[in-house]
Amino acid sequence: MRVTALDPSRREQPVRSEQDDHTGAFVAHRNLLFTVAYEMLGSAADAEDVLQETWLRWSGVDLGPVRDRRAYLVRITTRQALTRLRTLGRRRESYVGSWLPEPLLTAPDVAEDVELADSLSMAMLLVLETLGPTERAVFVLREVFDVGYDEIAEAVGKSRAAVRQIAHRARAHVAARRPRETVSAAQRRDVVEAFRRATESGDLQGLLELLAPDVVLIGDGGGIRRAVPRPVVGAGKVARLLVARRDLLAGALHPAEVNGRPALTMRLDGSLDTVLAIEVADGRITGLYAVRNPRKLSGMDREAGLRR
């Protein structure tokens, strides 16, 4: 029987192009790259921009000599994030009011990776803000993603010995400032739910029992929406402020998973108005982080893809 050109058994199979290899590697590691960029920048929007820049550079790389595509992509992402981080530092000097990281809507399984969830918490991201750009990059790559010193040295343009010294300094700096003892996810949810009920009902005594004596409330409106102009410290001050706003908060608070932790969102007229990240230690709330700047709420539109 004559075989025609239409016989699928005789069709030529398409040759996989190098561009397909570029795309496949980038897609496979995209969530990791986003997580690295976000941890370094504290901004979902800037992390997405870094990924765009990473792709542009990666798509032009000759893959022949590349032995570890994951490491190469992390290196490009780190360099782009470092460049942007230095620019952001200058921009934040003129920021109106207190600055908070952009919140991310996260899937419940993020909380199961305790180390990742801890590194994503608002309190921890604020600690990372106190590091210099290179220190932050080294700390994030080493402590969160367990990247080797040689790879980090390539990414930040330092010697291996210098990277080890930077890592040691950054680790000590963070240890002195990082949030206190962690609690289980179930305990966090219980405390956050009790806080929601006490806040909506205006239960001053209930709030005082839930708030740590040195609790801090920070609001970020970015000069666009009203927020507390400076941090409010102390259980009494924070509780009275919340009770004074009972009418606004009643019925408007909804549970959510934000940056790997139980949190609350506030909706007014059906629109997201505020994301309230909550830090819990030893059964009490130690930090309340209210993000109201609408430019920072885009990360709440859908669950962020995060991985280590």
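Along each chain, residue indices are assigned from 1 in the same order as the chain's sequence is written. Since the coordinates come from a predicted model, pLDDT governs what is reported: local features require at least 70, and pairs of side-chain atoms require 80 or more to be given and counted, while whole-chain, interface and lining totals use all residues. Processing note: side-chain calculations cover all non-hydrogen atoms of the structure and skip hydrogens and water entirely.

Undergrad: Mind showing me how you'd approach helix H2 (residues 44-58) here?
TA: Residues three or four positions apart in an α-helix share a direction because the helix packs 3.6 residues into each turn. Look at H2: 21 Å from first C-alpha to last across 15 residues, which is about the 21 Å you get at 1.5 Å a residue. Three exposure classes are used, based on accessible area relative to the maximum for each residue type with a 1.4 Å probe and protein chains only: buried under 20%, partly exposed in between, and exposed over 50%. Numbering of helices and strands runs from the N terminus; a helix is a DSSP stretch of H or I covering at least four residues, while a strand is a stretch of E covering at least two. Among all positions in H2, only Ala44, Asp46, Ala47, Val50, Leu51, Thr54 and Trp58 are buried. Each buried residue of H2 lies within a common arc of 155° when the element is viewed along its axis, so the set occupies one face. Turned more than 90 degrees away from the buried face of H2, the exposed residues are Gln52 and Leu56. Each helix should span, by expectation, one fewer than its residue count multiplied by 1.5 Å. The directions from the helix axis to the C-beta atoms form the arc being described.

Undergrad: Even after reading the chapter, I still don't get the nonpolar core, so can you show me in this structure?
TA: The tendency in soluble globular proteins is for nonpolar side chains to be buried side by side. Nonpolar cores are built from buried Ala, Val, Leu, Ile, Met, Phe, Trp, Tyr and Cys residues. Side-chain atoms within 4.5 Å join them into one set. Ranked by size, the top nonpolar core spans 54 residues in total, and within it Phe34, Met40, Trp58 and Leu128 carry the most contacts. Elements supplying a minimum of two residues to this core: helix H1 (18-41), H2, helix H3 (69-92), helix H4 (114-120), helix H5 (122-128), helix H6 (133-144), helix H7 (149-156) and helix H8 (160-177). Of the residues forming this core, the biggest block, ten residues, is contributed by H1. Judged by nonpolar contacts, the second largest core, of 28 residues, contains Phe195, Ala198, Leu217 and Ala239.

Undergrad: Looking at this structure, I do not really get H7. What am I missing?
TA: Among all positions of H7, only Tyr149, Ile152, Ala153, Ala155 and Val156 are buried. Along the axis of H7, the buried residues cluster in a sector spanning 165°; they form a single face. Residue contacts are defined here by distance: any two heavy atoms, one from each residue, within 4.5 Å place the two residues in contact. Looking at the buried residues of H7, the elements they touch are H3, H6 and H8. After H7 finishes, the residue Gly157 shows a positive phi value of roughly 70°.

Undergrad: Would you take a moment to explain the packing of aromatic side chains for this structure?
TA: How two aromatic rings sit relative to each other is set out by the distance from centre to centre and by the angle between their planes. Each Phe, Tyr or Trp ring, with Trp reduced to its six-membered ring, pairs with another whose centre is within 6.5 Å; inter-plane angles below 30 degrees give stacked pairs, above 60 give edge-to-face pairs, and intermediate values give tilted ones. Scanning the model with the defined rule gives three aromatic pairs in all. Seen from their ring centres, Phe34 and Tyr38 are 6.3 Å apart, and the 10° between their planes marks the pair as stacked. Residue Phe34 and its partner Tyr38 are located together in helix H1, separated by four residues, close to a single helical turn. Taking relative accessible area as the criterion, Tyr38 reaches 0% and is therefore assigned buried. Should the NZ of a Lys or the CZ of an Arg lie within 6 Å of a ring centre and within 35 degrees of the ring normal, that charge is described as sitting over the ring. It is Arg75 that lies over the ring of Tyr72; its NZ or CZ is 5.0 Å from the centre. Looking at Arg142, its charged tip hangs above the ring of Tyr149, at a distance of 4.2 Å from the centre.

Undergrad: What is the right way to look at the pattern of salt bridges in this model?
TA: Proximity of charged atoms lets side chains of opposite charge pair with each other. Each reported salt bridge corresponds to a side-chain nitrogen of Lys or Arg within 4 Å of a carboxyl oxygen of Asp or Glu. Counted according to the given criterion, the structure contains 18 salt bridges. We note a salt bridge from Arg292 to Asp273, for which the minimum N-O separation is 2.8 Å. Placement of Arg292 in the segment after strand S6 (284-291) and of Asp273 in strand S5 (residues 271-281) is noted, with a sequence separation of 19 residues between them. Each member of the pair, Arg292 as well as Asp273, carries the same accessibility label: buried. Salt bridges here are not isolated pairs; linked through shared partners, they connect Asp46, Asp49, Glu53 and Arg84.

Undergrad: How should I be thinking about the sheet that holds strand S4 (residues 261-268) in this particular structure?
TA: Two modes of strand pairing occur in sheets, parallel and antiparallel, and in both the strands are linked by backbone hydrogen bonds. DSSP-based pairing: two strands are paired if at least 2 bridges between them are found. On the basis of which strands lie adjacent, the open sheet formed by six strands has the order S2-S1-S6-S5-S4-S3 and mixed pairing. Whereas interior strands pair on both sides, the edge strands pair on one side only; in this sheet they are strand S2 (232-233) and strand S3 (253-258). Pairing analysis gives six bridges linking S3 to S4, with the strands arranged antiparallel. Looking at S4, one finds that His254 is bridged to Thr265. Note on geometry: axes are lines fitted to C-alpha atoms, helical ones only across the stretch in contact, with angles between N-to-C directions running from 0 to 180 degrees. The strands touched by helix H9 (residues 185-201) are strand S1 (211-220), S3, S4, S5 and S6; relative to S4, the strand with the most contacts, the crossing angle is about 30°.

Undergrad: In this structure, what is going on with the packing of H7 against H8? I would like to understand it.
TA: The relative placement of two packed helices is expressed as an angle between their axes plus a distance between the axes. Viewed as axis vectors pointing N to C, H7 and H8 meet at an angle of 95°, and their least axial separation amounts to 9 Å. Taken as axis vectors, H7 and H8 run roughly perpendicular relative to one another. Where H7 approaches H8, its residues Tyr149, Asp150, Ile152, Ala153 and Val156 are matched on the opposing element by Arg160, Val163, Arg164, Ala167 and Arg171. The cut-offs work like this: below 35 degrees is roughly parallel, past 145 is roughly antiparallel, 65 to 115 is roughly perpendicular, and the gaps in between are oblique.

Undergrad: It is not clear to me how the confidence of the model for the protein chain should be interpreted in this structure. Could you clarify?
TA: Caution applies to low-pLDDT parts of the model: their predicted coordinates are not meant to be read in detail. For every residue, the pLDDT score states the predictor's confidence, bounded by 0 at the bottom and 100 at the top. With 94% of its residues at a pLDDT of 70 or more, the protein chain has an overall mean of 91. In the model, residues 1-15 has pLDDT below 50 throughout and makes three contacts with residues more than four positions away in sequence or in other chains.

Undergrad: Before we go on, may I ask you to explain the pairing of S4 in this structure?
TA: A regular strand carries its side chains on alternate faces of the sheet. S4 sits mainly inside the fold: six of its eight residues count as buried. Turn length for the S3-S4 hairpin, with the two strands adjacent in sequence and antiparallel, is two residues, and the turn residue Asn259 shows positive phi of about 50°. Remark: two residues form the turn of the hairpin made by S4 and S5, two consecutive strands paired antiparallel; Asp269 in that turn has positive phi of roughly 55°.

Undergrad: Sorry if this is basic, but what is going on with the pairing of S5 here?
TA: Counting buried positions along S5 yields ten of eleven residues, so the element is predominantly enclosed. When S4 meets S5, the two strands line up antiparallel, connected through six bridges. Bridge assignment links Leu268 to a residue of S5, and that residue is Ser271. Alignment of S5 against S6, held across seven bridges, turns out to be antiparallel. Paired with Ala281 across the bridge in S6 is Arg284. Hairpin geometry of S5 and S6 is characterised by an intervening segment of two residues between the two adjacent antiparallel strands and by a positive phi of about 55° at Asp282.

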